[in-house]
2 protein chains.
Amino acid sequence: MIKDNLKHGRVTIPTDNDFIKETMEIVEKLGADAIRDCDGFKLPKEIKGAAEKIYSTYFVARGDNEWANANIKELQQTYLMTNHILATKDSLTIKIMEGYFDQQVQPDSYHDVKEFWEVIDRTTGEVVEIDKWDYNEENVTVTIKETKKWHEYTVSFLAYCLWDPTQMYNHITNNWGDKPHEMPFDARNAKTNKYIFEAMHKWLDEHPETDVIRFTTFFYHFTLVFNNLAKEKYVDWFGYSSSVSAEALREFEKEKGYKLRPEHLIDNGYYNSTFRVPTKEYLDYIDFQQQFVSKNVKKLVDITHEHGREAMMFLGDNWIGTEPYGKYFENIGLDAVVGSVGNGTTLRMISEIPGVKYTEGRFLPYFFPDTFYEGNDPTIEARDNWITARRAIMRKPVDRIGYGGYLSLAYKFPKFVEYISRVCDEFRLIYNNINGNKPYCGLKVAVLNCWGKLRSWQTHMVAHALWYKQIYTYLGVNEALSGMSVDVSFISFDDIKNNGISSDIDVIINAGDAGTAFSGGEKWLDIELITKIKEWIYNGGGFIGVGEPSAVLNGGHFFQLSDALGVDKELGFSLSTDKYFKTKLDNHFITDDITESIDFGESQKNVYALKESTEIISYKDGNLLMSANSYGKGRSVYIAGLPYSPQNSRILLRSCYYAANKESQLKKWYADNINCEVSAYLESKKYAVINNSNENQETIVYDGNGIGEKMFLAPAEIRWIEI
Amino acid sequence: MIKDNLKHGRVTIPTDNDFIKETMEIVEKLGADAIRDCDGFKLPKEIKGAAEKIYSTYFVARGDNEWANANIKELQQTYLMTNHILATKDSLTIKIMEGYFDQQVQPDSYHDVKEFWEVIDRTTGEVVEIDKWDYNEENVTVTIKETKKWHEYTVSFLAYCLWDPTQMYNHITNNWGDKPHEMPFDARNAKTNKYIFEAMHKWLDEHPETDVIRFTTFFYHFTLVFNNLAKEKYVDWFGYSSSVSAEALREFEKEKGYKLRPEHLIDNGYYNSTFRVPTKEYLDYIDFQQQFVSKNVKKLVDITHEHGREAMMFLGDNWIGTEPYGKYFENIGLDAVVGSVGNGTTLRMISEIPGVKYTEGRFLPYFFPDTFYEGNDPTIEARDNWITARRAIMRKPVDRIGYGGYLSLAYKFPKFVEYISRVCDEFRLIYNNINGNKPYCGLKVAVLNCWGKLRSWQTHMVAHALWYKQIYTYLGVNEALSGMSVDVSFISFDDIKNNGISSDIDVIINAGDAGTAFSGGEKWLDIELITKIKEWIYNGGGFIGVGEPSAVLNGGHFFQLSDALGVDKELGFSLSTDKYFKTKLDNHFITDDITESIDFGESQKNVYALKESTEIISYKDGNLLMSANSYGKGRSVYIAGLPYSPQNSRILLRSCYYAANKESQLKKWYADNINCEVSAYLESKKYAVINNSNENQETIVYDGNGIGEKMFLAPAEIRWIEI
């Protein structure tokens with residue numbers, strides 16, 4: 001039977017215990033073609049055949065405590081640093097586990113502590129000689145001799161991980177009581193490595209009902225360390241510090257030709273957060289682990305394929321080493337990646353992943369009791385999530401969508417089920433109409449930072465999709481771009497140094513706080529880099545700086561591109577120089593569509609115009625907040641901050657066209673109402689107008705020739721029109 | 001005849017043309033004992049005898065264009081830097097005077113440009129070899145060969161000063177038309193040097209009516225450079241860059257044993273602003289010029305004394321080299337210093353000057369038409385000025401007060417004259433009651449920055465007494481201290497390195513933006529410094545940090561005293577570390593008297609508590625704004641900003657007592673109402689309670705035993721009570 005692909009397929013749902021009949025009902029209603037298991041219960045064998053595909057979660061390196069206990073020295077490890085402790089006498093004893101959760105981590109004194117640990121005088125930065133300190137295993141303390149009084153000391157120590165952080169989080173959050181703590185074992189060890197692949201074969205043999213192995217995930221968890229109160233202490237979704245081990249460090253030395261110091265991973269206690277300008281050593285370590293992980297994941301995938309199943313990776317949890325935009329990811333040969341869609345940015349993060357057959361986005365809300373309780377309407381969150389993600393889907397769709405949680409919970413909310421069944425239909429229609437074609441893009445925009453392609457759509461992220469006061473102002477740039485009718489790429493400073501700037505790029509965006517990997521910090525002191533960028537702008541390129549772009553104090557400027565930007569930031573050193581240019585222009589191309597006062601988020605203080613010709617677009621309380629500037633044949637735009645909103649998205653779009661010197665090209669496949677956007681699929685001979693708001697909207701829609709026509713759209717409407 | 005010293009004396013007034021009779025009337029009314037001349041007219045000979053003392057303004061190095069023109073190569077000089085100019089080809093021509101005012105300055109090509117000029121590649125920081133550039137005198141351009149494309153270049157050049165900046169400012173502001181531009185000549189040149197002293201003798205001979213020579217001022221003007229539109233371009237009240245000359249630079253090399261580079265004075269175009277952490281070379285240059293200037297000023301003073309007159313210095317204008325808290329100032333032997341009193345801080349800046357017989361404060365408003373016009377009440381400004389300054393006078397009075405401007409203008413405002421006559425009486429009563437004794441000080445407080453004693457009461461100042469958005473938040477600290485019942489000193493980082501911390505200091509305050517001379521920047525990386533301060537606090541010292549105290553990124557902290565402060569600032573690198581401590585205390589000793597929400601001025605973002613024990617006193621929008629912390633036996637207080645207000649002054653006072661661990665000592669000679677303050681003169685057996693507001697106030701006044709008594713004060717009242 002051939003099913004209607006507008007009514008069926010591309011949708012995954014969870015199921016529940018003893019819920020086969022109702023599951024089938026919802027499969028039918030949503031046109032779902034896949035059923036997945038979920039945390040907390042396993043699929044019954046009878047599920048086979050209930051949908052075209054059955055997904056099963058599979059944990060590679062945890063969930064087998066028998067193995068873990070029998071091979072306790074092969075558990076995963078992590079690098080930890082103590083607090084800074086002040087020496088007030090000429091010796092100092094540091095309780096190294098202070099502030100850590102002893103059920104999660106334990107110091108590793110099995111391997112030589114003098115080889116793998118480091119005591120640092122943080123006041124001078126000097127490493128304390130190994131004969132000046134000792135570890136007392138019984139007291140779990142390090143005692144340092146001949147300390148320098150009033151200096152601060154830290155101990156960096158290797159620890160064993162006794163509990164997988166995700167299982168620990170769920171365990172603690174859901175009060176799982178005496179359910180065993182799943183101990184993570186390390187594929188670096190030959191014995192464990194062998195065991196992992198054998199276990200995979202065995203599991204596949206034992207689970208014929210499964211079509212798709214949903215790896216959750218592979219070998220190493222992102223850094224997630226808890227404190228002595230069993231609360232989160234450190235979280236970095238990109239952190240590699242829990243992928244370390246004595247074996248890895250020794251292997252690293254062999255492969256890369258030099259020995260890593262603990263400090264190369266500890267990094268003053270910042271643990272190479274993705275906000276840190278990465279060091280060579282850390283980049284080497286990432287490369288080293290990505291090679292190891294991808295090689296071993298490929299083996300798992302090959303086994304999966306041998307057994308005639310598909311291999312799907314969950315983007316998160318133990319994903320370290322398989323960053324999907326990394327060098328080795330495509331070699332793995334995964335069939336699919338699935339990830340959680342919080343917004344347009346995370347959708348693009350998933351949908352753009354190269355080297356897989358398909359991608360899947362897990363939409364919100366989860367079918368969990370925190371949303372699905374009597375009196376609450378889960379449809380509200382579902383609609384917000386859908387509208388937010390939809391504009392990104394219009395630019396590059398995921399291949400499938402899905403939901404997670406307890407289906408029996410959602411089943412009690414028929415209005416919700418009705419709503420998501422319409423979402424599924426809308427998604428399938430979009431997917432079919434796009435038909436694999438690329439939408440019209442008026443410009444090519446490149447986001448420039450230290451990470452470039454590796455962390456495409458992942459800039460400024462701390463913990464996956466969580467809000468932080470210090471990041472929302474920059475995340476808005478990604479979120480705006482995720483649904484904008486421009487071609488987006490992510491490039492690194494090294495890309496520019498090594499390969500120059502691709503001639504087809506119209507606009508480069510540099511957004512971030514001074515000194516971070518996203519602004520670039522000391523990278524901007526690189527002569528080759530700065531001159532290549534200046535040359536490129538001067539010869540007609542467009543540059544947009546958000547926050548503290550190109551910021552590092554040098555040669556009389558804080559913004560190293562201050563001449564191109566026409567603005568700089570006052571740090572106090574040039575207060576003696578009069579600042580005369582404060583007059584805001586009455587209007588400007590960039591702010592032509594705005595309807596309310598501009599939200600700069602955390603904004604910036606003390607930015608000022610360097611010259612009269614700087615076009616001041618926004619100025620408030622002595623601070624320049626937005627401006628544009630000509631530089632040779634090129635143009636730059638400065639914006640103090642850009643949290644996501646439809647208005648700010650429009651401001652960024654217009655900034656791009658202005659910077660690119662292509663204002664006349666703006667009104668093609670364009671809606672003048674900031675709540676509406678147009679995506680045109682020229683090969684499909686169709687275009688769509690979407691209303692991103694929950695209100696009726698009136699807008700003029702411009703076609704590819706710039707001919708405008710008035711249109712009325714219902715709340716959240718998507719309207720398809722033949723070209 | 002012995003005059004009543006409560007009714008007569010300690011007051012200077014200006015006079016006016018043809019105004020002898022009315023002048024005498026006002027002399028009588030105010031009890032003035034001195035009459036001064038004023039810009040724009042000279043005292044008539046008949047003034048002699050109209051008061052005990054006649055002051056005449058005297059200009060040492062300008063006002064004699066005949067000499068200047070005859071010795072044009074001996075004019076004063078200044079170092080200037082061009083704009084940063086981008087090289088887009090392999091040669092570059094820079095118009096060096098672009099942006100400068102050619103009536104003020106002209107390039108000096110009389111001295112060897114290759115010796116005194118410098119062309120710098122600001123992108124690399126490298127000096128361009130002297131055979132790679134040439135100066136074209138006719139076109140006023142420097143052409144650089146073999147430039148590196150997309151690098152920025154600047155030319156640092158020596159220029160002659162053709163116009164004294166103060167006269168220029170007055171000339172332009174008052175439209176003096178074809179009145180000659182007064183050309184400043186340089187005492188560094190032997191011929192001019194000799195001439196200056198001869199002229200002094202001659203002038204004294206010709207002006208027997210003058211008792212006090214009011215030097216306005218000596219040899220070098222603070223840096224004040226105008227732009228091509230004849231508007232202020234650069235102003236630094238402390239700037240030494242217009243004290244430079246070919247002769248001085250050659251002499252410097254002889255004295256200090258090394259050659260100064262132009263860049264040592266140009267400093268990237270920041271010209272060693274007082275906000276810059278001073279370099280060794282700049283400090284050497286300051287020392288070198290202070291020696292020269294003080295030696296030569298001493299000669300002028302000696303001549304003045306030979307002629308039986310007094311020598312008074314005006315604190316401002318051409319004061320460079322005679323910073324009154326500098327090493328050589330006391331050697332000069334001046335009789336007096338007079339300065340303008342804008343507030344309590346400037347009053348203390350004057351009244352504390354060491355090594356002179358007396359100090360004089362010139363109060364506001366000036367008798368100028370901008371205030372004295374029909375319909376305006378100049379009494380309002382006079383009262384504000386008096387109340388603001390009075391609390392500082394209570395701590396350390398100037399010896400005299402005075403006014404400036406056109407007396408005939410003030411004469412038309414009898415209510416104003418009446419008011420200032422009461423001010424004069426109030427001042428004399430305060431002065432007599434204090435009787436040279438030191439008021440009770442509950443604590444010793446030291447303000448710590450790069451400048452220390454040299455710039456006592458002068459921190460964070462750009463142009464004298466002008467408001468800048470970036471400074472008011474810190475000026476509030478000085479202003480609060482100027483009237484607080486604590487002993488105040490100013491110490492430098494070098495003082496602590498060289499001499500440790502005086503054991504009688506209770507509290508050290510470090511206030512300023514990161515990287516500035518006032519916060520300290522890289523000084524905090526000095527191991528000796530940081531350990532001495534930590535030791536001192538740990539052993540019981542009090543530390544107060546305002547803004548970004550001890551800020552420089554190192555060893556995992558931004559605030560190098562973060563362990564003592566209990567707070568640090570998030571720059572983005574430690575976002576992965578959870579910040580749990582956000583709970584504000586319900587009340588705290590420091591904020592016990594406050595009556596309204598706290599004003600932190602420009603405030604700070606992203607400061608957070610490092611530990612649970614940090615006492616959070618103010619927290620808003622995710623930012624910690626005020627806190628306290630114990631550190632060993634010592635305590636620290638953090639405040640995000642402290643613009644001046646009575647409430648903030650009280651917060652600082654209480655912060656000092658709290659940091660000093662002397663809360664129980666607070667309520668001695670203390671008023672609980674924030675608008676009232678108490679000063680006790682134990683030797684004089686008197687104390688005074690002042691009302692700093694223009695409203696009635698009720699307060700409890702505590703005596704030296706902490707016994708409180710309710711008191712009602714009229715607006716602005718000062719009440720004297722016998723002990």
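Residues numbered from 1 in each chain as written. Chains lettered and ligands numbered in written order. Predicted model: local features only at pLDDT ≥ 70, side-chain atom pairs only at ≥ 80, totals over all residues. Heavy atoms only, no water.

Going by an unreviewed UniProt entry, chain A carries the name 1,3-beta-galactosyl-N-acetylhexosamine phosphorylase and comes from Clostridium cavendishii DSM 21758.

> What exactly am I supposed to notice about the sheet that holds strand β10 (residues 133–136) of chain A here?
The pairing of strands in a sheet happens through backbone hydrogen bonds and is either parallel or antiparallel. All names here are of chain A. Judged by pairing direction, the sheet is antiparallel, and its 3 strands sit side by side in the order β6-β11-β10 without closing on themselves. Two strands close off the open sheet at either side, each with one partner strand: β6 (91–95) and β10. Ignoring which end each strand starts from, the neighbouring axes of this sheet average 20° apart. Inspection of the sheet shows β6 paired to strand β11 (residues 141–145) by 5 bridges, in the antiparallel sense. Opposite Thr-93, over in β11, you have Thr-143 as the bridge partner. (Pairing = 2+ DSSP bridges. Helix = DSSP H or I, 4+ residues; strand = E, 2+ residues; numbered from the N terminus. Axes fitted to C-alpha atoms, helices over the stretch in contact; angles between N-to-C directions.)

> I'm lost on the environment of Phe-493 of chain B in this one. Help?
All names here are of chain B. Summarising the element assignment, Phe-493 is placed in helix α15 (residues 493–499). The buried category is assigned to Phe-493, whose relative accessible area is 2%. Expressed as a C-alpha distance, the spacing of Phe-493 and Ser-421, which sit 72 residues apart in the sequence, is 45 Å. Beyond its immediate chain neighbours, meaning those up to four positions away, Phe-493 contacts Leu-448, Asn-449, Cys-450, Asn-510, Ala-517, Ser-519, Gly-520, Lys-523, Trp-524 and Leu-529. (Buried < 20%, exposed > 50% of the residue type's maximum accessible area, 1.4 Å probe, protein only. Contact = heavy atoms within 4.5 Å.)

> Just checking my understanding: could you explain the interface of chain B and chain A for this structure?
Interfaces are often described in size by the accessible area the parts lose on coming together. Of the residues lining the interface, 60 residues belong to chain B; the matching set on chain A comes to 60 residues. Interface of chain B and chain A: buried area, both sides summed, is about 5,100 Å²; carbon and sulfur atoms make up 53% of it. Contact with chain A buries surface across chain B, with Trp-150, Phe-573 and Leu-575 of chain B losing the most and accounting together for 16% of the total. Our count for the chain B to chain A interface comes out at 4 salt bridges. A salt bridge links Glu-602 of chain B to Lys-605 of chain A; the nearest nitrogen and oxygen atoms lie 3.5 Å apart. (Buried area = accessible area lost by both parts, 1.4 Å probe. Salt bridge = Lys/Arg side-chain N within 4 Å of Asp/Glu carboxyl O.)

> How should helix α10 (residues 344–351) of chain B be read in this particular structure?
Note that an α-helix has 3.6 residues per turn; residues three or four places apart therefore point the same way. All names here are of chain B. Along α10, 8 of the 8 residues are buried, which leaves the element largely enclosed by surrounding structure. Within the sequence span of α10, burial applies to Gly-344, Thr-345, Thr-346, Leu-347, Arg-348, Met-349, Ile-350 and Ser-351. Two to three positions downstream of the cap, the backbone nitrogen of Thr-345 sits 3.3 Å from a side-chain oxygen, assigning the N-cap of α10 to Asn-343. (Polar contact = N/O pair within 3.5 Å; in protein donor to acceptor, adjacent residues only side chain to side chain.)

> Looking at this structure, I do not really get the pattern of salt bridges. What am I missing?
If the charged atoms of two oppositely charged side chains come close together, the side chains can form a pair. Residue and element names in this part refer to chain A. Counted by the stated rule, this structure contains 98 salt bridges over all chains. A salt bridge links Asp-287 to Lys-256; the shortest N-O distance between them is 2.8 Å. In this pair, Asp-287 is assigned in helix α8 (residues 280–306) and Lys-256 in helix α6 (residues 246–256), connecting sequence segments 31 residues apart. Assessed through its relative accessible area of 13%, Asp-287 is described here as buried. For Lys-497, the salt bridge is made with Glu-528, and the minimal N-O distance between the two is 3.7 Å. Placement of Lys-497 in helix α15 (residues 493–499) and of Glu-528 in helix α16 (residues 527–538) is noted, with a sequence separation of 31 residues between them.

> Quick question: what am I supposed to make of the environment of Tyr-702 of chain A here?
Residues and elements named next belong to chain A. Within the secondary structure, Tyr-702 sits in strand β34 (residues 697–702). When the C-alpha atoms of Tyr-702 and Ala-671 are compared, they prove to be 6.2 Å apart, with 31 residues separating the residues in sequence. In this structure Tyr-702 touches Lys-667, Lys-668, Trp-669, Tyr-670, Asp-672, Ile-707 and Gly-708, once residues within four positions along its chain are discounted.

> Even after reading the chapter, I still don't get the relation of the copies chain B and chain A, so can you show me in this structure?
Overlaying chain B on chain A yields an RMSD of 0.1 Å, the required transformation being a rotation through 180° with an accompanying axial translation of 0.0 Å. What the rotation and shift describe, once combined, is the action of a two-fold rotation axis. Scanning chain B for the C-alpha nearest the rotation axis identifies Lys-605 of chain B, at a separation of 5.4 Å. A symmetric contact is evident, with 100% of the interface residues of chain B recurring at the interface of chain A. (Least-squares fit on C-alpha atoms with pLDDT ≥ 70 in both.)

> Help me understand the UniProt feature "domain: Lacto-N-biose phosphorylase central" (unreviewed entry) in chain A in this model?
Residues given the UniProt feature "domain: Lacto-N-biose phosphorylase central" (unreviewed entry) here are residues 444–663 of chain A. Regarding residues 444–663 of chain A, the helix share stands at 22% and the strand share at 26%, and the terminal C-alpha atoms are separated by 14 Å. (UniProt positions renumbered as here; feature names shortened; annotations may be inferred.)

> Sorry, what's going on with the nonpolar core here?
Among soluble globular proteins, nonpolar side chains are generally buried collectively. Of all hydrophobic cores here, the largest spans 220 residues; its most connected members are Trp-117, Phe-219, Leu-481, Ile-508, Ile-509, Ile-544 and Leu-652 of chain A. For Phe-219 of chain A, the contacting residues outside a window of four places in its chain are Val-60, Ala-61, Gln-76, Ala-187, Ile-196, Val-293, Asn-296, Val-297, Leu-300 and Asn-318 of chain A. One finds Val-11, Val-105, Ile-393 and Phe-558 of chain B within the second-largest nonpolar core, a separate group that totals 217 residues. (Core = buried A, V, L, I, M, F, W, Y, C linked by side-chain atoms within 4.5 Å.)

> Would you mind showing me how to read the packing of aromatic side chains here?
The geometry of an aromatic ring pair is captured by two quantities: the separation of the ring centres and the angle between the planes. Considering all chains together, one arrives at 85 aromatic pairs over all chains under this definition. Seen in terms of ring centroids, Tyr-285 of chain B and Phe-288 of chain B are 6.0 Å apart; in terms of plane orientation they differ by 40°. Their pairing is tilted. With a gap of 3 residues between them, Tyr-285 of chain B and Phe-288 of chain B both fall in helix α8 (residues 280–306), about one helical turn apart. The exposure classification of Tyr-285 of chain B matches that of Phe-288 of chain B, with both residues buried. Ring plane angle 45° and centroid distance 6.1 Å describe the contact between Tyr-670 of chain B and Tyr-702 of chain B, whose orientation is recorded as tilted. One end of the pair, Tyr-670 of chain B, is in strand β31 (residues 670–671); the other, Tyr-702 of chain B, is in strand β34 (residues 697–702), with 32 residues separating them in the sequence. With relative accessibility at 3%, the residue Tyr-670 of chain B sits in the buried group. Taken together, the aromatic side chains of Tyr-58, Trp-203, Phe-215, Phe-218, Phe-219 and Tyr-220 of chain A make up a single cluster linked through ring pairs. Just above the ring of Phe-573 of chain B sits the side chain of Arg-276 of chain A; from NZ or CZ to the centre is 5.1 Å. (Phe/Tyr/Trp six-rings, centres within 6.5 Å; stacked < 30°, edge-to-face > 60°. Lys NZ or Arg CZ within 6 Å of the ring centre and 35° of its normal.)

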